[in-house]
Amino acid sequence: MRLGKVVKSNSHCDYIVQVDDAMDFDNPPQADDYGFGSFVRLENSDRHWAVGLIYNSQLFNPMFLNMGPRLSSEPDPVFTPDLITETRTLLWTILIDNLEQNGEKPYGIHGIPKVVVPVNTPVYRMTQDEIHRFHLNSHQRPQFCYYSHLLKCGGTFAVQLTQQVLTELINTNLFTGADQRALKVLCKELSWKSTMGAMR
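An account of the accompanying structure is given in this report. Quick caveat: nothing in here was measured; it's all calculated off a predicted structure. (Residues numbered from 1 in each chain as written. Predicted model: local features only at pLDDT ≥ 70, side-chain atom pairs only at ≥ 80, totals over all residues. Heavy atoms only, no water.)

1. Considering the environment of Pro142
Take Pro142: it is sitting in the loop between α1 (128-134) and α2 (147-153). The class for Pro142 is buried, based on a relative accessible area of 18%. Separated by 33 residues in sequence, Pro142 and Phe175 place their C-alpha atoms 6.1 Å apart. Residues within four places of Pro142 in sequence aside, it is in contact with His135, Leu136, Leu174, Phe175 and Asp179. (Helix = DSSP H or I, 4+ residues; strand = E, 2+ residues; numbered from the N terminus. Buried < 20%, exposed > 50% of the residue type's maximum accessible area, 1.4 Å probe, protein only. Contact = heavy atoms within 4.5 Å.)

Structural data, given as structure tokens:
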């Protein structure tokens, strides 16, 4: 599902996505489609650029605190110009690298992408299968190598974002045995640090 397009970047791995609206598309995404912690892929018809995680959002409304003159009565519809809604929903997205193709089986590269994603690149929500593939390495073994990257670059809610990703990965049972136990230990340790930090 297409969510929107890249409109700006704050850093090499921190991009802002403008959500498509009804003025541009017949079936724009709904609020549940781009929630906190959603995995997204940035790609166009030419190439796949990167995989990202939504870590923040902002509602942009240019009419907020507009102190211009107001009409004292209902305007005459004959002389009223068409008004275009200029409100926008913006999504802050942290890039966590990309998907590579190995024959028919894509696999994930975890870290910071080397390339700069162009403006206007379409952004899509990833399916469960794509998320699963991203968390497999080139040998089709489970991997989770962007843990520290999320904690450093995930913004104000970095801890909550990382906890949510860990919990979702644990619940999918993609990881088994020692890998699954390691994820649970990471999640518990992060939760403990977050709780102790809040008590200080």
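Picking up where we left off.
2. Some remarks on the pairing of strand β1 (residues 2-11)
In this structure, β1 lies alongside strand β8 (residues 122-125), joined through three bridges in antiparallel fashion. Along β8, the bridge assignment pairs Arg2 with Tyr124. Bridge count between β1 and strand β2 (residues 14-19): six bridges; the pairing is antiparallel. Among the inter-strand pairings, Val6 is bridged to a residue of β2, identified as Val17. (Pairing = 2+ DSSP bridges.)

3. Quick word on unusual backbone geometry
Of note, the phi angle at Asn120 is positive, near 75°, even though the residue is not glycine. Tracing the chain through its elements places Asn120 in the loop between β7 (105-110) and β8. The class of Asn120 is partly exposed, set by a relative accessible area of 48%.

4. Focus: the pattern of salt bridges
Throughout the structure, instances matching the rule amount to six salt bridges. Note that Arg88 is salt-bridged to Asp21, the shortest N-O span being 2.7 Å. Within this pair, whereas Arg88 is found in strand β5 (residues 88-95), its partner Asp21 is found in the loop between β2 and β3 (39-43), the two being separated by 67 residues in sequence. The closest approach of N and O atoms between Arg41 and Glu130, which form a salt bridge, is 3.2 Å. (Salt bridge = Lys/Arg side-chain N within 4 Å of Asp/Glu carboxyl O.)

5. Structural notes on the environment of Thr176
Relative to the elements of secondary structure, Thr176 occurs in the loop between α3 (158-172) and α4 (177-199). Exposure remark for Thr176: the relative accessible area of 54% places this residue in the exposed category.

6. Some words on α3
Within an α-helix, residues lying three or four positions from one another point in the same direction, as the helix has 3.6 residues per turn. An ideal rise of 1.5 Å per residue puts 21 Å on 15 residues; α3 measures up with 21 Å between its terminal C-alpha atoms. Inspection of α3 places Ala158, Leu161, Thr162, Gln163, Val165, Leu166, Leu169 and Ile170 among the buried residues, and these make up the whole buried set. Count one or two residues on from α3 and you reach Asn173, which has phi positive near 60°. (Expected span 1.5 Å × (residues − 1).)

7. Quick word on the environment of Arg2
Looking at the secondary structure, you find Arg2 in strand β1. The class for Arg2 is partly exposed, based on a relative accessible area of 26%. For the pair Arg2 and Val123, spaced 121 residues apart in sequence, the C-alpha to C-alpha distance is 5.9 Å. For Arg2, the contacting residues outside a window of four places in its chain are Asp20, Phe25, Pro29, Pro122, Val123 and Tyr124. In this structure the side chain of Arg2 is engaged in a polar contact, spanning 2.7 Å, whose partner is the side chain of Asp20. (Polar contact = N/O pair within 3.5 Å; in protein donor to acceptor, adjacent residues only side chain to side chain.)

8. Let's talk about the pairing of β3
Most of β3 is tucked away: four of the five residues are buried. Hairpin connection between β3 and strand β4 (residues 48-60): a loop of four residues separates the two successive antiparallel strands. Relative to β8, β3 is paired through three bridges, and the arrangement is antiparallel. Among the inter-strand pairings, Leu42 is bridged to a residue of β8, identified as Val123.

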